[in-house]
Amino acid sequence: MPSNNLTVTPSPHIKSPLSAKKIMYLVILSLLPAGIAGIYIFGLCSLKVMLISIISCVISEAVFLKLRNRDPKAILDGSAILTGLLLAYNMPPEIPFWIPIVGGVVSIVLGKQIFGGLGHNIFNPALVGRVFLQISWPVYMTTWKNPKWAIDAVSSATPLAKEGARGFSYLDLFLGNHGGSIGEVCILALIIGALFLIFTKIISFHIPASFIGTVMVLAWIFGGEGFFRGDFIFHLLTGGLVLGAFFMATDYVTCPLTRKGKIIFGIGCGVLTVLIRLRGSYPEGVSYAILFMNAVVPLIDRYTKTRVYGVSKK
Amino acid sequence: MNNLLRFVLVLFLVNLAAAAILAGVYTVTRPKIEAQKKMAEAKALKEAMPESVGNRLEKVEDGDVEYWKVFKDENYRPSGYVFIAKKYGYSSVIETMVGMKRDGSITGARILNQNETPGLGAKIVEILSDKTLKSALKGLLSRKKEPEKKILPYFTEQFKGANVKNIDISDIDAITGATISSKAVVESIREKGSEILNAEQ
Amino acid sequence: MKKFFHELNKGIFIENPTFRLALGLCPTLAVSTSIVNGFGMGIAATFVLLGSNVIVSSVRDFIPKKIRIPCFIVIIATFVTIVELVMKAYFPALSKSLGIFVPLIVVNCVVLGRAEAFASRHGVVKSIFDGLGMGIGFTLALVLISAIREAFGNGTILGLVIVRSFEPALIFILAPGALLVIGVLIGIVNYMTDRCYTA
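Residues numbered from 1 in each chain as written. Chains lettered and ligands numbered in written order. Predicted model: local features only at pLDDT ≥ 70, side-chain atom pairs only at ≥ 80, totals over all residues. Heavy atoms only, no water.

Engineer: I'm lost on the nonpolar core in this one. Help?
Structural biologist: What tends to happen in soluble globular proteins is that the nonpolar side chains get buried as a cluster. Ranked by size, the top nonpolar core spans 82 residues in total, and within it Leu31, Phe211, Phe247 and Phe265 of chain A carry the most contacts. Top contributing element to this core by residue count: helix α2 (residues 20–42) of chain A, with nine residues. Each of domain 1 (21–156 + 167–201) and domain 2 (203–304) of chain A contributes no fewer than three residues to this core. Ranked by size, the runner-up nonpolar core spans 34 residues in total, among them Val31, Ala45, Cys71 and Ile105 of chain C. (Core = buried A, V, L, I, M, F, W, Y, C linked by side-chain atoms within 4.5 Å. Buried < 20%, exposed > 50% of the residue type's maximum accessible area, 1.4 Å probe, protein only. Helix = DSSP H or I, 4+ residues; strand = E, 2+ residues; numbered from the N terminus. Domains from an automatic or database assignment.)

Engineer: Where do I start with helix α10 (residues 206–222) of chain A in this structure?
Structural biologist: In an α-helix, one turn spans 3.6 residues, which is why side chains three or four residues apart end up on the same side. All names here are of chain A. Taking 1.5 Å per residue, 17 residues should reach 24 Å; α10 reaches 24 Å between its end C-alpha atoms and fits that length. Regarding α10, the residues found buried are His206, Ile207, Pro208, Ser210, Phe211, Ile212, Thr214, Val215, Leu218, Ala219 and Ile221. Summarising the contacts, the buried residues of α10 are in contact with α11 (232–237), α12 (241–248), α13 (259–279) and α14 (286–303). (Expected span 1.5 Å × (residues − 1). Contact = heavy atoms within 4.5 Å.)

Engineer: Even after reading the chapter, I still don't get the interface of chain C and chain A, so can you show me in this structure?
Structural biologist: Frequently, the measure chosen for interface size is the accessible area removed from exposure when the parts meet. At the interface, nine residues of chain C touch eight residues of chain A. Roughly 690 Å² of surface becomes buried between chain C and chain A when both sides are summed, with 72% attributable to carbon and sulfur atoms. Inspection of the region where chain C meets chain A yields zero salt bridges. Along the contact surface separating chain C from chain A lie four residue pairs in polar contact (both at pLDDT 80 or more). (Buried area = accessible area lost by both parts, 1.4 Å probe. Salt bridge = Lys/Arg side-chain N within 4 Å of Asp/Glu carboxyl O. Polar contact = N/O pair within 3.5 Å; in protein donor to acceptor, adjacent residues only side chain to side chain.)

Engineer: Just to check I follow, could you spell out the interface of chain C and chain B for this structure?
Structural biologist: Between chain C and chain B, the residue contacts involve 25 residues of the former and 24 residues of the latter. Of the roughly 2,300 Å² buried at the junction of chain C and chain B (both faces included), carbon and sulfur atoms supply 81%. For the pair chain C and chain B, the number of links is zero salt bridges. Inspection of the chain C/chain B interface yields one residue pair in polar contact (both at pLDDT 80 or more). Among the elements of the structure, α4 (68–90) and β2 (160–161) of chain C are those that each provide at least two residues to the side of chain C that touches chain B.

Engineer: Would you explain the pattern of salt bridges in this entry?
Structural biologist: All names here are of chain C. Using the criterion set out here, one finds 12 salt bridges over all chains in the structure. Ionic pairing is found between lysine 10 and glutamate 7, a salt bridge with its closest N-O pair at 2.8 Å. Highlighted residues: lysine 10 and glutamate 7, both in helix α1 (residues 2–14), separated by three residues, approximately one helical turn. We classify glutamate 7 as buried; its relative accessible area is 6%. Residue glutamate 116 pairs with arginine 68 through a salt bridge whose shortest N-O separation is 2.9 Å. Here arginine 68 lies in helix α4 and glutamate 116 lies in helix α6 (residues 109–119), a separation of 48 residues in the sequence. Look at the salt bridges and you will find they share partners, linking Glu7, Lys10, Arg114 and Asp130 into a network.

Engineer: Before we go on, may I ask you to explain the packing of aromatic side chains in this structure?
Structural biologist: A ring pair, where both rings are aromatic, is described by two values, the distance of the centres and the angle of the planes. Tallied over the full model, the rule gives 11 aromatic pairs over all chains. Plain terms: the ring middles of phenylalanine 222 of chain A and phenylalanine 227 of chain A are 5.8 Å apart, the flat faces sit at 80 degrees to each other, and that makes the pair edge-to-face. Among the aromatic residues, ring-to-ring pairing joins Trp98, Phe132, Trp137 and Tyr140 of chain A together with Phe152 and Phe172 of chain C into one connected group. (Phe/Tyr/Trp six-rings, centres within 6.5 Å; stacked < 30°, edge-to-face > 60°.)

Engineer: Could you clarify how one ought to interpret helix α1 (residues 2–48) of chain B in this entry?
Structural biologist: All names here are of chain B. The first and last C-alpha atoms of α1 sit 65 Å apart over 47 residues, in line with the 69 Å expected at 1.5 Å per residue. At threonine 29, α1 shows its strongest bend, of approximately 40 degrees, with the proline proline 31 following within four residues. Within α1, burial applies to Phe7, Val10, Val14, Ala18, Val25, Thr29, Ile33, Gln36, Ala44, Leu45 and Ala48. (Bend = angle between axes of the 7 residues up to and from the residue.)

Engineer: Help me understand the state of the cysteines, please; the structure alone is not making it clear to me.
Structural biologist: Working definition: the covalent bond between the sulfur atoms of two cysteines is a disulfide. All names here are of chain A. One pass over the structure, following the stated rule, counts zero disulfides over all chains. Cysteine cysteine 45 shares no disulfide, and the gap to the nearest cysteine sulfur, in cysteine 186, comes to 16 Å. In this structure cysteine 255 is not part of a disulfide, and its nearest cysteine sulfur, from cysteine 269, lies 9.6 Å away. (Disulfide = S-S within 2.5 Å.)

Engineer: So what exactly am I meant to see when it comes to the confidence of the model for chain C here?
Structural biologist: Predicted coordinates in regions of low pLDDT should not be interpreted in detail. Residues and elements named next belong to chain C. Summing up the model confidence of chain C, the mean pLDDT is 88 and the portion of residues at 70 or higher is 99%. Across chain C, the element-wise mean pLDDT spans from 81 in α1 up to 93 in helix α3 (residues 35–58). Quick note on the complex model: pTM equals 0.85, ipTM equals 0.84. (pLDDT = per-residue confidence, 0-100.)

Engineer: So what exactly am I meant to see when it comes to the environment of threonine 176 of chain B here?
Structural biologist: Following the sequence through the fold, threonine 176 of chain B ends up in the loop between α3 (154–157) and α4 (179–200). Here threonine 176 of chain B falls in the exposed class, since its relative accessible area comes to 52%. It is 33 Å that separates the C-alpha atoms of threonine 176 of chain B and glycine 139 of chain B, two residues lying 37 residues apart in sequence. In this view, threonine 176 of chain B contacts Val139 of chain A together with Leu120 of chain B; residues no more than four positions away in its chain are not counted.

Engineer: What exactly am I supposed to notice about the packing of α3 of chain C against helix α7 (residues 124–154) of chain C here?
Structural biologist: Angle between the axes and distance between the axes: these two values describe a pair of packed helices. Residue and element names in this part refer to chain C. Running from amino to carboxyl end, α3 crosses α7 at an angle of 165 degrees, the nearest separation of the two axes being 8 Å. The angle between the axes of α3 and α7 places the two elements in the roughly antiparallel class. Between α3 and α7 lies a crossing whose hand is right-handed. A class-by-class count of the residues in the contact of α3 with α7 yields 17 nonpolar, 11 polar and two charged. (Axes fitted to C-alpha atoms, helices over the stretch in contact; angles between N-to-C directions. Parallel < 35°, antiparallel > 145°, perpendicular 65-115°, else oblique. Left-handed = near helix turned anticlockwise from the far one by under 90°. Nonpolar A, V, L, I, M, F, W, Y, C, P; charged D, E, K, R; others polar.)

Below is the structure:
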């Protein structure tokens, strides 16, 4: 029974009026506040990175669709634009122009099209691109720029770096008044977008809640000197946790389908994030954690498959 | 039973032949391998302290502190010290072998062990090759043998001449994006070096 | 003679251990970071393959079926240890950069695979060609992979800088890059072989 492998929840299935295309554009819309905040904080260079990244993604998608003799109209479904935007949000604002170009190509070709295009990709394409860049050119990917009104124009250590500047107040971190990636710094803007997505029921709260919750609890227990003394608010407000938990871990294609599965997925992401942040050799663990859990999604789906009503367990 | 005996016999013969061959190869290669090992050790010592070659070394073990005294001539006072400094960097313990004169000025330093982030902290051992494809082809065509230049890791090379008592991260060019790893190396040298100097005086 | 040539050709192209049989991938992933390493590993494995194939095929009638695997392992391990000792004595730098992967040739599935699948069933001469072919195939694959990885990941070829302005993508030198390169090469090789043999 092949259909049994695809249908995870029992019927009845209600067809949603939302199409994939509509959802993509609504997600892009919800990401806009963070982008505007990024431009406001770091200046027009952020806009440049975003545009280059989006254009690179769209062009590689078009070329690949053409090569595989697929309908080129598929570039209009918004998924390439969304990938490009998310990729740009993961980059520091003052990055050499060729890095978003390479990132876009890698995201689309290696992250999505090689698996068969939208809906077939195992891993979140934007994160594939980001991790590729992070490993390949770590210096560029971790040279942060301060907000444009800061007196100190020289790049500073990211707050998450282990010995990083702890001099930021929580308010500064919440508003994005510090160096960081374009779309990751302004938590306020990200939360506005995330609330929009949750209230329009495009994403459910299960993944972000379990993801962020796990990170905060574990950071509180293990993040400080001795147990139960970690600065968990700091862990929440820095790095890509909010962006990752609300916008990247919840990607429809690469997350589990059932509620139980989503919670397991979120907890897994959280555990791995804290593990990498505290013990790993890279400062940020969110993207690696989500990618890792992406790989386990088929397994999670298999074991959290809802029992069909009226059918016995065995 | 007969079969079992045969198995044992065959396995025994195979192993015997293998052991005999390996014994032969080992006898031939052993002196060479030991010479190579000694050369590698001597090279590490020489890079840390050129003067140590051919001179008397004396190992000092005083609790945690462990280092070598280097004697030149027949002096009673050592002319310098070689020690291994250790400190946790970003994701691993970085071990540096350092040579210094009696006044604390560094004669050479070399990273022995590290497991820092590739492309960032791991650059503390990076060696920049100055040979390009173009220059190599040119050299091949002109048939003129240019003397081999020895290229050393640029990060640890800048320590030469600095004094362990006051060497600081601000005096040297840290690796871009890897302030923590760079700092760990410098601080480990300062701490361990000062400790030894204090113990000796 | 044509038959022997077939055995040689088989290992290099049609049944290339890395790209077609996907055997011995662990050392391939680990040591293919520079052309020198890749070539050194390839030659070491070729020597072991050749040696073990010759010995296994010449003693194949003498060894009872039930204990053939332990016997093969002992024979292979002997050759590997010879390689390791010789390398340590005469090529210390190579031996240091290949590290644990030289002794690990013992468990390289190409070597045991050929001993079991070919040498224990064929004559000595045929086995020589089989071992040579497989060894050359393995070496060529390693050199190809390591050339790509060295060029993209380190910006050098045989340690020589290609272009100064090129900023190498470090990922190719690290493990994920190895998987990417091997994956893409396996895809290309399979595509080409399919076209050659179905056309």
